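# Fold and contact review
Below, each chain spelled out in residue letters.
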Amino acid sequence: MTQQTLVAGIRASGKLHIGHYLGLIKQLLDTQADPNNRCFYFIADLHGITTPFESKELSQNTLDIAATYLSLGIDPNKTTFFLQNHVLEHATLAWIFNCITPLGELYRMTQFKDKVEQQTSGGGKKVSMAGKIGIQISQNKEVANAGLLTYPCLMAADILLYKPSAVPVGEDQVQHVELARLIAKKFNGKFGKIFPEPQTYLRKPLRIMSLQDPTKKMSKTGDEALLLDDTREEIQRKLKKAVTASDASGKASAGVDNLFLLMNSFSPEKTKKYFADKQTEGLLQYSELKQTLADDIYNFFAEFREKKKELLNKPDYLAEILGDGASRARKVAGQTLLEVKQKIGLL
Ligand code: TRP
């Protein structure tokens, strides 16, 4: 089989929960396991600063995310794993893409509109589509920085520097990958062919639902999400509160389905069978199921927690892994940028 190159950026902010693990993270681990794949996976720290952040916490958060992915199984011997900001070619190519991307394409992006709306809600006016350019951010001109708008050009640069055939992403990033393809096509048409038009690598994601409102996707607020860093007690407490009691809204059965979905991913076969049989017999005790599931989830991530603690205690080693990844990435990215400059006529 021929080799294929895959590129993925990992969001730099926020705590990871098991919905993330069973979604994108597992996808990255599975793709890495295939020896035909050449993977470039990086922490998208330059994207991370397009939304509000605390500079005091930024580097610690980035290291935490890097340690998390390495401890979950990203193997720096198989995958080129690095921080985006260490490979300067990303920002340079992003600038070039800024200069060939029509504003209209950027204003149309759903994520941009959502993020501006999040930042304005309660404050200034909402974004209204107006005028030729298609948008007007009135009153509070501070809300949307230019980086938030040109985010997809940076993402296109992240991707195209490595000339991949596919990009593993979650559903919410499909539109950005489409734009990267459009940018590739445009560049190729204008200056000469360099870039492939990569596809999204999107497997049907396991949709893990909120423990508190199982009609919504798990997100990282309050007690509705099980975080990868949660202690045994926290997992037990959150699962205990998970919705299963019958009510009229249909949430109860969605809640039970969700627990079985988790069990399917984290419990051994014999546990799955035991509870499936109980359910068929009508003898299922939710408290017993929740208790068992809490233990299984806790144990599933036991090795991860150990490794992560160890890695965070060895910042020099972590820095070495990231430095090595960046220098490998730079070799490929530098070559592509050189080709780009030659095509454009930049000396
Ligand atoms: N925008 C992506 C997200 O929010 C992260 C990302 C940045 C990315 N650059 C990328 C994903 C390049 C894939 C390829 O999840």
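Please refer to the structure placed before this passage.
Below or above, wherever it landed, is the structure these notes cover. Everything numeric here is computed off the predicted structure, so don't read it as measured data.

## Some remarks on the environment of Asn-98
Looking at the element boundaries, Asn-98 is found in helix α4 (residues 89-98). With relative accessibility at 22%, the residue Asn-98 sits in the partly exposed group. Between the C-alpha atom of Asn-98 and that of Asn-37, which follows or precedes it by 61 residues, the distance is 30 Å. Leaving out residues up to four positions away in the same chain, Asn-98 has contacts with Thr-150 and Cys-153.

## What about the site of the ligand?
Neighbouring the ligand are 13 residues; Gly-9, Arg-11, Tyr-151, Asp-158 and Gln-173 lie closest to it. Within the side chain of Tyr-151, one N or O atom sits 2.7 Å away from a nitrogen atom of the ligand. Residue Asp-158 places a side-chain N or O atom 2.7 Å away from a nitrogen atom belonging to the ligand. A total of 370 Å² of accessible area belongs to the ligand in isolation, and the protein chains cover 96% of it. Counting residues per element, the ones that place at least two in the shell around the ligand are β1 (4-11), β2 (37-44) and α7 (146-160). By residue number, the principal contributor to the shell around the ligand is α7, which donates four residues. Grouping the amino acids of the shell around the ligand by side-chain chemistry returns eight nonpolar, three polar and two charged.

## What to know about empty space enclosed by the protein
All chains considered together, the criterion is met by one cavity of 30 Å³ or more. Approximately 40 Å³ is the volume found for the largest cavity. Lining of the largest cavity is provided by Met-109, Gln-111, Phe-112, Lys-115, Leu-148, Leu-149, Tyr-151, Pro-152 and His-176. Listed by contribution, the elements that provide at least two residues to the lining of the largest cavity are α6 (110-120) and α7. With four residues, the single largest contributor to the lining of the largest cavity is α7. Of the residues that constitute the lining of the largest cavity, the class distribution is six nonpolar, two polar and one charged.

## Some words on α4
Every buried residue of α4 is listed here: Glu-89, His-90, Leu-93, Ala-94, Ile-96 and Phe-97. Buried residues along α4 cover an arc of 160° about the axis, so they all sit on one side. The secondary structure elements touched by the buried residues of α4 are β2, β3 (79-83), α7, α8 (174-191) and α14 (315-344).

## Remarks on the packing of helix α3 (residues 55-72) against α14
The contact between α3 and α14 brings their axes to 11 Å, and the two run at 80°. Accordingly, the angle class assigned to the pair α3 and α14 is roughly perpendicular. Of α14, the residues touching α3 (which contributes Leu-63, Ala-66, Ala-67 and Leu-70) are Leu-318, Ile-321 and Leu-322. Looking at side-chain class alone, the contact of α3 with α14 contains seven nonpolar, no polar and no charged residues.

## Quick look at the pattern of salt bridges
Counting across every chain of the model gives 17 salt bridges. Of the charged contacts in the structure, one is a salt bridge between Asp-230 and Lys-238, with a shortest N-O distance of 2.8 Å. A relative accessible area of 3% means that Asp-230 is categorised as buried. Lys-273 is paired through a salt bridge with Asp-277; the nearest N and O atoms lie 2.8 Å apart. With Lys-273 and Asp-277 both in helix α11 (residues 269-281) and four residues apart, the pair spans about one turn of that helix. Residue Lys-273 is classed as exposed on the basis of its relative accessible area of 53%.

Rules used in this analysis
Residues numbered from 1 in each chain as written. Predicted model: local features only at pLDDT ≥ 70, side-chain atom pairs only at ≥ 80, totals over all residues. Heavy atoms only, no water. Helix = DSSP H or I, 4+ residues; strand = E, 2+ residues; numbered from the N terminus. Buried < 20%, exposed > 50% of the residue type's maximum accessible area, 1.4 Å probe, protein only. Contact = heavy atoms within 4.5 Å. Near = heavy atom within 4 Å. Polar contact = N/O pair within 3.5 Å; in protein donor to acceptor, adjacent residues only side chain to side chain. Areas by Shrake-Rupley, 256 points an atom, 1.4 Å probe, with all protein chains shown as cover. Nonpolar A, V, L, I, M, F, W, Y, C, P; charged D, E, K, R; others polar. 1 Å grid on protein atoms, 1.4 Å probe; cavity = no way out; pocket = protein on both sides within 12 Å on 5 of 7 lines; lining within 4 Å. Points joined across faces, edges and corners; volume = space filled by probe spheres on them. Arc of directions from axis to C-beta. Axes fitted to C-alpha atoms, helices over the stretch in contact; angles between N-to-C directions. Parallel < 35°, antiparallel > 145°, perpendicular 65-115°, else oblique. Salt bridge = Lys/Arg side-chain N within 4 Å of Asp/Glu carboxyl O.

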